Amino acid sequence: MECNKTVTPADWRPESWQAKPAAQQPVYPDSAVLRTVLRQLACLPPLVTSWEVENLKQQLAGAVMGERFLLQGGDCSESFADCESGQIAAKLKILLQMSLVLVHGSEKRLIRVGRFAGQYAKPRSADTETQAGVTLPVYRGDLVNQPGFTAPERTPDPERLLRGYERSALTINFIRALIDGGFADLHHPEYWDIDFVRNSPLAAEYTRMVDSIRESLQFMETVTGGRLADMNRVDFYTSHEGLLLHYEQAQTRTVPRRPGWYNLSTHFPWIGNRTRSLDGAHIEYFRGIRNPVGLKVGDPIEPEEVVALCERLNPLDEPGKLMLILRFGAEGIQKQLPPIIEAIQRAKKPVLWCCDPMHKNTEVTGNGFKTRRFDKILSELEQAYAILTEHHAILGGVHFELTGDEVTECIGGASGVTEADLHRAYRTPVDPRLNGEQALEMAFRLARLMKKERQRAKA
Ligand code: PEP
Ligand code: CO
């Protein structure tokens, strides 16, 4: 415990956030039931371990230095109903395919982080919703309540915290089993070939790349006279927005032989753009945990505020501890990002720069669908890359909302989803996701960008 003093601020406790204003928390009708549930949650086994968390932090430190690259992606919001094998495997496959493309383009080792196994709570713009004169609590994600518009469905139910923990455990268990069973084995990329790739205009490019990797692998194995064992598994980490602080606190633990407190509900929690107030409860909670932490950085924010948040969240200036997830939109990034990079560089803060090109490029179409355009997403990504490079900083990661399924939620991409197509397979309860094909195409576009930059730097 002695060492805790050095890594944990002296005035911090897992519950110290409760003395601060906490945005985006549900109001439970019966606080006694909530307390009972939280006590149960606090006794259940952790979902991840501190050494996995520390490994990830070390890998993220590599991304800060430009030696690795982070791919983070998944649903805007997981739903309890989608906790089934097909959906989970499809998500894993698209992330594996994207990471293969990115390894090829960047020549860096990839860090794979899913927005899954706990991404069940959502920040909302209002506390209530009114339909035909009836006002009910807003839907805040499956961890809190249900989307249907009736009072029983919308009333926050603490039992859902336990159901969410269990679904997270089921998801992470299946992912670990797939990975350990060789699902990610580079000798068998056909395990993760999925139909959309075969039918897509990108099929030929993808197949060529997979064949070339297979050939290199065979060559290496011929030369070394053995099987390259490391090629049959990859690390996969989990992440979610740390929004419901009671839930996060219940899973915050100390562990034997390591100082400090860990949030063991996930490897890599992040703080949303709406809950990052310097004096608010979320920053108070996050400043005390040892996990690497993501911070969404978007409108409205001043450069000095970003520096102050870095000081609060990473007082020891550990590389790999803090990732700034930029989300300014294709229209805003050119003006907003440079002063932030300059302020961070002046303050010499070791941050991992990551681009979320999704959240500030959202629009509502004439026919009422919340959507995002492929071109705008790509444009923000390209601009983030260029601006950081001009400042001798490094884009170390990307953050996407995506699914392996053939949904029609975002417009554009080589397969040409149009506004009129959106109704065909629009399934997201919250934000629109890239479908498998759009996600893979995005990875190809980013890989080309990184390859070009590598060649330019070598020249
Ligand atoms: C999200 O990542 O789903 C989200 C709500 O993002 P932000 O906090 O950037 O708005
Ligand atoms: Co979202």
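Residues numbered from 1 in each chain as written. Chains lettered and ligands numbered in written order. Predicted model: local features only at pLDDT ≥ 70, side-chain atom pairs only at ≥ 80, totals over all residues. Heavy atoms only, no water.

A count of helical and extended segments in the protein gives 14 helices and 14 strands. For the protein, the C-alpha radius of gyration of 22 Å lies close to 23 Å, the compact-globule estimate for 459 residues. In the protein, buried positions account for 59% of the 459 residues. In the protein, the share of contacts with a sequence separation of at least 24, taken over all contacts with a separation of at least 6, comes to 77%. With the model as given, the accessible surface of the protein reaches about 19,100 Å², and the carbon-plus-sulfur share is 52%. Of the charged side chains in the protein, 56 are positive and 59 negative; the average position of the first set lies 3 Å away from that of the second. (Helix = DSSP H or I, 4+ residues; strand = E, 2+ residues; numbered from the N terminus. Rg over C-alpha atoms; globule rule 2.2 N^0.38 Å. Buried < 20%, exposed > 50% of the residue type's maximum accessible area, 1.4 Å probe, protein only. Contact = heavy atoms within 4.5 Å. Areas by Shrake-Rupley, 256 points an atom, 1.4 Å probe, with all protein chains shown as cover. Lys, Arg positive; Asp, Glu negative; His and termini not counted. Charge placed at Lys NZ, Arg CZ, Asp CG, Glu CD.)

The amide bond that connects D299 to the next residue, P300, takes the cis arrangement and shows omega of -15°. Non-glycine residue E107 carries a positive phi angle of around 55°. For E107, the location among the structural elements is in the loop between helix 4 (85-106) and strand 2 (109-114). A positive phi is found at H392, a non-glycine position, where the angle reads about 55°. For H392, the location among the structural elements is in the loop between helix 13 (374-390) and strand 14 (395-401).

Mapped onto the elements, Q218 comes out in helix 8 (residues 203-224). Measuring from C-alpha to C-alpha, the distance between Q218 and H187 comes to 8.7 Å, with 31 residues separating the pair along the chain.

Turning our attention to the packing of helix 2 (residues 31-43) against helix 6 (residues 159-180). Axis separation between helix 2 and helix 6 bottoms out at 8 Å; the angle between their running directions is 25°. When the interaxial angle is binned, helix 2 and helix 6 end up roughly parallel. In contact with L34, V37, L38, Q40 and L41 of helix 2, helix 6 contributes E159, L161, L162 and Y165. Partitioning the contact of helix 2 with helix 6 into residue classes produces seven nonpolar, one polar and one charged. (Axes fitted to C-alpha atoms, helices over the stretch in contact; angles between N-to-C directions. Parallel < 35°, antiparallel > 145°, perpendicular 65-115°, else oblique. Nonpolar A, V, L, I, M, F, W, Y, C, P; charged D, E, K, R; others polar.)

Moving on, we come to the site of ligand 1. Around ligand 1, the neighbouring residues are C76, R115, K122, P123, E241, W270, G272, N273, K296, R327, H359 and E401. The separation between an oxygen atom of ligand 1 and a polar side-chain atom of K296 is 2.8 Å. Interatomic distance of 3.1 Å between a side-chain N/O atom of E401 and an oxygen atom of ligand 1. Out of a free accessible area of 290 Å², ligand 1 has 97% covered by protein chains. Class assignment of the residues belonging to the shell around ligand 1 gives a composition of three nonpolar, three polar and six charged. (Near = heavy atom within 4 Å. Polar contact = N/O pair within 3.5 Å; in protein donor to acceptor, adjacent residues only side chain to side chain.)

Moving on, we come to the pairing of strand 1 (residues 68-74). With respect to burial, strand 1 is a largely interior element, seven of its seven residues being buried. Of the two faces of strand 1, both are covered, the one formed by R68, L70, Q72 and G74 as well as the one formed by F69, L71 and G73. Where strand 1 lies against strand 2, six bridges are found, and the strand directions are parallel. Of the residues in strand 2, the one forming a bridge with L71 is R112. Bridging between strand 1 and strand 14 involves five bridges; their strand directions are parallel. The partner of G73 across the bridge, within strand 14, is F400. (Pairing = 2+ DSSP bridges.)

A separate point is the nonpolar core. Grouped together as the largest cluster of nonpolar side chains are 109 residues, with contacts concentrated most on L161, L324, W353, F400 and L434. It is helix 4 that provides the largest number of residues to this core, a total of ten residues. L60, A63, V64 and I111 belong to the second-largest nonpolar core, a separate cluster that totals 14 residues. (Core = buried A, V, L, I, M, F, W, Y, C linked by side-chain atoms within 4.5 Å.)

What follows is about the sheet that holds strand 1. In space, the eight strands of this open sheet follow the order 5-2-1-14-11-10-9-8, with parallel pairing throughout. In the strand order of this sheet, the two ends are held by strand 5 (237-238) and strand 8 (270-271), each with one partner. In this fold helix 3 (residues 50-64) packs onto strand 1, strand 2, strand 5, strand 11 (352-355) and strand 14, with an angle of close to 130° to the strand it touches most, strand 2.

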